[in-house]
Amino acid sequence: MSLLHGERIGCGRLVDEPRTPPHALPGDRAVWPRDRSVDVLHMKIDIKLDAPGKRVSGTVTHSVAPLNDGTRYVEFDAVDMAISAVMVAKKPAPFDYDGAKLRVDLGEGRKRGQEVAVAVTFEAHPRIGMYFIGPDEAYPTKPVQVWTQCQDEDTRYWLPCFDHPSEKATSEMIVAVPGDWYALSNGRLLQDKKNRDGTRTFHWHQDRPHATYLLTLAAGELSRIDATRDGLTIDYFVEEKDVADAERTFANTPAMVAQFEKLTGMKYPWSKYSQVVVRDFVFGGMENTSATTMTENIIFDRKAAVDFTSDPLISHELAHQWFGDLLTCRDWAHGWLNESFATYLEMLWDEEHLGVDMYRQGAIENTDLYLEERYRRPIVTNVFNEPIDLFDRHLYEKGSVVLHMLRGVLGDDQFFRSIQRYVRDNQERSVITQDLANAIAAETGRNLDWFFDQWVYRPGHPSFKVSWSWDEASRLATVTVKQTQKTDDGTPVFRVPLTIDFRKGRAKPIAFPVEITQADHTFMFPLAAKPDLCRFDPYNRVLKEVDFEKSAGELRLQLRDDDDIAGRQFAAKGLGKKGGAEAVAALETAVMGDRFWAVQAAAAKALGEIKTTAARDALLRCLSVRHPKARRGVVAALGQFRGDVDVLEALKPIAKRDRSWFVEAEACRSIGKLRLPGSLELLKAHFDRPSFRQVVRGGCIDGLVELRDAAGFELLSKAARYGEPFQARPLSVGAIARLGLFFPERKKVLGEEIAGYLEDPDFRVRIAATNALKTLKDDSQVPALEKMAARELDGRGVRMARENALALRKGAATEEEVRKLREEFEKLRDENAKLRDRLEKLEVTRQ
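Residues numbered from 1 in each chain as written. Predicted model: local features only at pLDDT ≥ 70, side-chain atom pairs only at ≥ 80, totals over all residues. Heavy atoms only, no water.

Asker: What is the right way to read the overall build of the chain from this model?
Answerer: Looking only at helices and strands, the chain features 26 helices and 31 strands. Its C-alpha atoms give the chain a radius of gyration of 29 Å, within 12% of the compact-globule value 29 Å for 847 residues. With the C-alpha coordinates aligned to their principal axes, the bounding extent of the chain is approximately 100 × 65 × 55 Å. Counting over 847 residues, the chain shows a buried share of 61%. When contacts within the chain are restricted to residue pairs at least 6 apart in sequence, long-range pairs at least 24 apart make up 70% of them. Side-chain charges in the chain split into 122 positive and 129 negative, and the spacing between the mean points of these groups amounts to 2 Å. (Helix = DSSP H or I, 4+ residues; strand = E, 2+ residues; numbered from the N terminus. Rg over C-alpha atoms; globule rule 2.2 N^0.38 Å. Buried < 20%, exposed > 50% of the residue type's maximum accessible area, 1.4 Å probe, protein only. Contact = heavy atoms within 4.5 Å. Lys, Arg positive; Asp, Glu negative; His and termini not counted. Charge placed at Lys NZ, Arg CZ, Asp CG, Glu CD.)

What follows is the structure in structure tokens.
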């Protein structure tokens, strides 16, 4: 499952927000795996859909086998249903139903392993789990569709079942739909029958066992694109209007299947691989067995293809067909075995398709995303309120980097052999982390309990403070390493094997493997001559934060010559802090000439941090850089030159038209940051311009916040309303609060406006409203947040309402303190830039 992380188009924070409480909130408790009284062998689901009435009805027959002699009762999860009949072995059976659990009497004398059929006839108007999509006054062109989204434990809202990942069964789906619809489900299509009443019945059969959260149904007027390869049915289902763009979007799917078969050592394990795009999907994608459901945001147009791809989402969901579907976490505490693996295989696809630098960039970006998380927790923890609470940056991004580190510890041969052993030994099983460790030990003889203990079962990561020096007399390079992370929350002092290397001129680096095991280390390395460059963990194989102070000369050399993209980005950032004419020249050279776009963008950002006239002029020259992601970085950096008319003139045509939607959006964002008299009218001019995923509107929204003009409230309120393009609505709600921080007299009115969105039909907007109230520091709306937490069915909404209500009750900082901190920060930054500019001009004059 993908959580709509997607392309990040928001703006950075000017000051750090106060850290929120730890992951576990008051009232959270340890959740243990469920007991089972029977083994569910097969589910036969025979249903009818009533789309206008938002109703599902039918019969589900569970073939079950008691796990113990004398088993009398079996319980099924079934929320808010009408249960009209229960049959056991085709005979009416007594049952009790309390609105959440259905308890069925199997009768006396049942033997262990004795198969019996339990048929439940039911009717439901699901509020979650199964979604009925259709037009309304605000969105009159929306098609009618019905689709399910069952993870984590939402199947129970539309189907009586044992709703826990530890239970696996084969299944079949028989569903009647309108005659012009297609209905997609798990497995092979056995029958597609047109009925006399004008309806159409589909019969699907899934012959390998899977968990109930992987059941799927997606029905509507859909067009099929056939991409069958090598005997495997591969197809994509989309609305007719999206066929051409969908062919572009999903084009790499067959190649991904071939690569993942090679990586896992296991042929694709299901009878087909379908991907269906639906409206209003509540996640980015969902890896239902053999039939993934995707958000409509996945489809991209020809212009977006310049610097956007949906391959990360597509490869993520495909990877789940092995990691999550074939091997399924026994309980959600071990959910990283699903999500971290899928996220890591995104990186492996990039390595195969785009090269090793894109793989390494994935590790950099996933580390950054994890570091932005609001709290630290062990990757494996069973303390939560709802399972979805665990689906965060630890479960996805941190876990993917842990697998990246595991590859570094084992080496490629042992790592990939171990992964194949893990898949081979555990297919169709429910797994825990120890199963992965056991597979590694069995395949390689390596005991990595120490690795899993610190990286998976304990929170945090190492923060290193590093320095190096040279002693000419002894010809020794000395490197000191300190672990500075706090350990009062269970974060350990880490055991970290890594490499330190040195280079002189253009010679090959001399590498020394070391193992850090203590809070303080001093390493001494004999060398023939003083090196020009010292690298700590080259190629970024370890999850960490690093403070490594270097001279400007060493940083310039590293930016120019390091073959590691992480090292070059580190050097660019360091030069941005140091400033000076030589730094500006080196950074401009990197923007225009580096071979990797992320280094170019990092160098552009560093020029923006320097903020001198020379840095500005360099950035203006760099607008000609070819790679659109590098150009996006240049345009973003130009936003740092507040009040600069020349920059505004340079950005005007870019905001109006560029090869990239994202560059246009960034130009709008920077125009707002300039805070010039013409900024508002320019943002108004672009605000309603259609674009891919509404990214241009998103740039304008951020620009209005940066502009800090009260006139922005009208545009933001308009963009937040139900009926406006849905992609920009959550961002607009959040922007109202962000802009409101600079108008404290409007706090009460804005808080009331935002609180109104806590009941919005779109769950994304509801969540955005919870975060916006926290941003606004409006503690008068705590009761509204607590009411939302009590009524909300989507676990993500429950979590954010609870978390933000708690933060507001604690009152970490007043809005006035935040406003003053922002103003003081910006004032100091501007004064520092002016001082740098004067010093550089003075140096030029002296020369």
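Asker: Help me out: how do you make sense of the side chain of threonine 491 in this one?
Answerer: The residue threonine 491 is located in the loop between strand S26 (476-483) and strand S27 (496-503) in this model. In this structure the side chain of threonine 491 is engaged in a polar contact, spanning 3.3 Å, whose partner is the backbone oxygen of proline 459. Only 2.8 Å separates the side chain of threonine 491 from the side chain of aspartate 489, close enough to count as a polar contact. With residues near it in sequence (within four places) discarded, threonine 491 still touches Pro459, Gly460, His461, Gln485 and Lys486. (Polar contact = N/O pair within 3.5 Å; in protein donor to acceptor, adjacent residues only side chain to side chain.)

Asker: Help me understand the sheet that holds strand S28 (residues 510-516) in this model?
Answerer: In a beta sheet, neighbouring strands pair by backbone hydrogen bonds and run either parallel or antiparallel. Spatial strand order, S28-S27-S30: three strands in an open sheet with antiparallel pairing. The open sheet has two edge strands, S28 and strand S30 (533-536), and neither has a second partner. Averaged over neighbouring strand pairs, the angle between their axes works out to 20° when direction is ignored. With four bridges joining them, S27 and S30 adopt antiparallel strand pairing. From the neighbouring strand, arginine 503 faces S30, where its bridge partner is leucine 533. The sheet contacts of helix H10 (residues 552-561) involve S27 and S30, and relative to S30 the element is tilted by about 70°. (Pairing = 2+ DSSP bridges. Axes fitted to C-alpha atoms, helices over the stretch in contact; angles between N-to-C directions.)

Asker: How should the packing of aromatic side chains be read in this particular structure?
Answerer: The geometry of an aromatic ring pair is captured by the separation of the ring centres together with the interplanar angle, meaning the angle of the planes. The full count for this structure, using the stated rule, is 35 aromatic pairs. For the ring pair tryptophan 455 and phenylalanine 494, a centre distance of 4.6 Å and an interplane angle of 40° mean the geometry is tilted. With tryptophan 455 in helix H9 (residues 449-455) and phenylalanine 494 in the loop between S26 and S27, this residue pair connects regions lying 39 residues apart in the sequence. On the numbers, 4.6 Å between centres and 35° between planes, the contact of phenylalanine 512 with phenylalanine 525 is tilted. A residue pair is termed long-range when its members are at least 10 positions apart, and phenylalanine 512 in strand S28 and phenylalanine 525 in strand S29 (residues 520-526) qualify at 13 residues. The exposure class assigned to phenylalanine 512 is buried, which follows from its relative accessible area of 18%. The cationic tip of arginine 495 hangs over the ring face of tryptophan 450; the distance from NZ or CZ to the ring centre is 3.9 Å. Here the guanidinium or amino end of arginine 746 rests over the ring plane of phenylalanine 743, the centre of that ring lying 5.9 Å away. (Phe/Tyr/Trp six-rings, centres within 6.5 Å; stacked < 30°, edge-to-face > 60°. Lys NZ or Arg CZ within 6 Å of the ring centre and 35° of its normal.)

Asker: Quick question: what am I supposed to make of the pairing of S27 here?
Answerer: Working note: regular strand, side chains alternate between the two faces of the sheet. Across the eight residues that make up S27, a large majority, six, are buried. One ladder, built from seven bridges, connects S27 with S28; its direction is antiparallel. Considered in S28, the bridge of threonine 499 is made with proline 513.

Asker: Quick question: what am I supposed to make of the pattern of salt bridges here?
Answerer: Between side chains of opposite charge, a pair can form as their charged atoms come close. If you walk through the whole model with that rule in mind, you get 75 salt bridges. The partner of aspartate 77 in a salt bridge is arginine 156, with the nearest N and O atoms 3.7 Å apart. Within this pair, whereas aspartate 77 is found in strand S4 (residues 73-77), its partner arginine 156 is found in the loop between strand S11 (145-148) and strand S12 (168-178), the two being separated by 79 residues in sequence. Judged by relative accessible area, aspartate 77 falls into the buried class, the value being 0%. Lysine 550 is the salt-bridge partner of glutamate 554, the closest N and O atoms lying 3.3 Å from each other. Judged by its relative accessible area of 5%, lysine 550 falls in the buried class. (Salt bridge = Lys/Arg side-chain N within 4 Å of Asp/Glu carboxyl O.)

Asker: Could you clarify how one ought to interpret the sheet that holds strand S9 (residues 116-124) in this entry?
Answerer: Read from one edge to the other, the open sheet built from eight strands follows the order S6-S5-S9-S3-S2-S12-S15-S14, with strand pairing classed as mixed. With one partner strand each, in any of the chains shown, strand S6 (91-92) and strand S14 (188-194) form the two edges of the open sheet. Of the pairings in the sheet, the one linking strand S3 (residues 55-66) to S9 comprises nine bridges and is antiparallel in character. Across the sheet, residue threonine 59 finds its bridge partner in S9, namely threonine 121.

Asker: It is not clear to me how helix H22 (residues 747-755) should be interpreted in this structure. Could you clarify?
Answerer: The periodicity of an α-helix, 3.6 residues per turn, causes residues three or four places apart in sequence to face the same way. Here H22 has its buried residues at Lys747, Leu750, Gly751, Ile754 and Ala755. Buried residues of H22, seen end-on, are gathered within an arc of 135° and therefore sit on one face of the element. Exposed positions of H22 whose direction lies more than 90 degrees from the buried face are Lys748 and Val749. (Arc of directions from axis to C-beta.)

Asker: So what exactly am I meant to see when it comes to the side chain of serine 691 here?
Answerer: Position of serine 691 among the secondary structure elements: in the loop between helix H18 (679-687) and helix H19 (695-707). Given a relative accessible area of 13%, serine 691 falls into the buried group. If we skip the residues at most four places from it in the chain, serine 691 touches Trp661, Val696 and Arg697.

Asker: Help me understand helix H23 (residues 763-776), please; the structure alone is not making it clear to me.
Answerer: The first and last C-alpha atoms of H23 sit 20 Å apart over 14 residues, in line with the 20 Å expected at 1.5 Å per residue. Counting buried positions along H23 yields 13 of 14 residues, so the element is predominantly enclosed. The backbone nitrogen of arginine 764 has a side-chain oxygen 2.9 Å away, supplied by the residue at the start of H23, namely aspartate 762. Once H23 ends, the next one or two residues include lysine 777, with phi positive near 60°. (Expected span 1.5 Å × (residues − 1).)

Asker: So what exactly am I meant to see when it comes to the pairing of strand S19 (residues 272-278) here?
Answerer: In terms of residue burial, S19 counts as a mostly covered element, since seven of its seven residues are buried. Residue alternation in S19 divides its side chains into two sets, Lys272, Ser274, Val276 and Val278 and Tyr273, Gln275 and Val277, and both sets are buried. Across five bridges, strand S18 (residues 233-238) lies against S19 in parallel orientation. Residue pairing in the sheet places aspartate 235 in a bridge with serine 274 of S19. Relative to strand S21 (residues 291-295), S19 is paired through five bridges, and the arrangement is parallel. If you follow valine 278 over to S21, its bridge partner there is threonine 295.

Asker: For this particular structure, what's the right way to read the nonpolar core?
Answerer: For soluble globular proteins, nonpolar side chains are generally found buried alongside one another. Counting residues in each nonpolar core, the largest one holds 167 residues, and the members touching the most others are Ile47, Leu49, Phe250, Trp336, Phe452, Ile500 and Phe502. Non-local contacts of phenylalanine 250, meaning those with residues more than four positions away in its chain, are made with Tyr236, Val238, Gln275, Val277, Met294, Ile298, Ile299 and Ile314. If you look at the next biggest cluster of nonpolar residues, it comprises 98 residues, including Ala590, Val625, Ala655 and Leu715. (Core = buried A, V, L, I, M, F, W, Y, C linked by side-chain atoms within 4.5 Å.)

Asker: Please clarify how the packing of helix H24 (residues 782-791) against helix H25 (residues 795-810) should be interpreted in this entry.
Answerer: For any two helices packed against each other, the geometry comes down to the angle between their axes and how far apart the axes lie. Interhelical geometry of H24 versus H25 gives an angle of 155° and a closest axis separation of 8 Å. In terms of orientation, H24 lies roughly antiparallel with respect to H25. Regarding H24 and H25, the two cross each other, and that crossing is left-handed. On the side of H24, the interface is formed by Val782, Leu785, Glu786, Met788 and Ala789, while H25 contributes Gly797, Val798, Ala801, Arg802, Asn804, Ala805, Leu808 and Arg809. (Parallel < 35°, antiparallel > 145°, perpendicular 65-115°, else oblique. Left-handed = near helix turned anticlockwise from the far one by under 90°.)

Asker: Can you help me understand the state of the cysteines in this one?
Answerer: By definition, a disulfide links the sulfur atoms of two cysteine residues through a covalent bond. According to the stated counting rule, one finds zero disulfides in the structure shown. Just so you know, cysteine 161 is unpaired, no disulfide at all, and the nearest cysteine sulfur is the one on cysteine 150, 7.8 Å from it. Look at cysteine 161 and you get buried, because its relative accessible area is 0%. (Disulfide = S-S within 2.5 Å.)

Asker: Would you mind showing me how to read the packing of H18 against H19 here?
Answerer: With their axes 9 Å apart at the nearest point, H18 and H19 run at an angle of 155° to one another. It follows from the interaxial angle that H18 and H19 lie roughly antiparallel. As for how H18 packs across H19, the hand of that crossing is left-handed. In this structure, H18 uses Ser679, Leu680, Leu683, His686 and Phe687 to contact H19, whose residues at the interface are Val696, Arg697, Cys700, Ile701, Gly703, Leu704 and Leu707. Residue composition of the contact of H18 with H19, grouped by class: eight nonpolar, three polar and one charged. (Nonpolar A, V, L, I, M, F, W, Y, C, P; charged D, E, K, R; others polar.)

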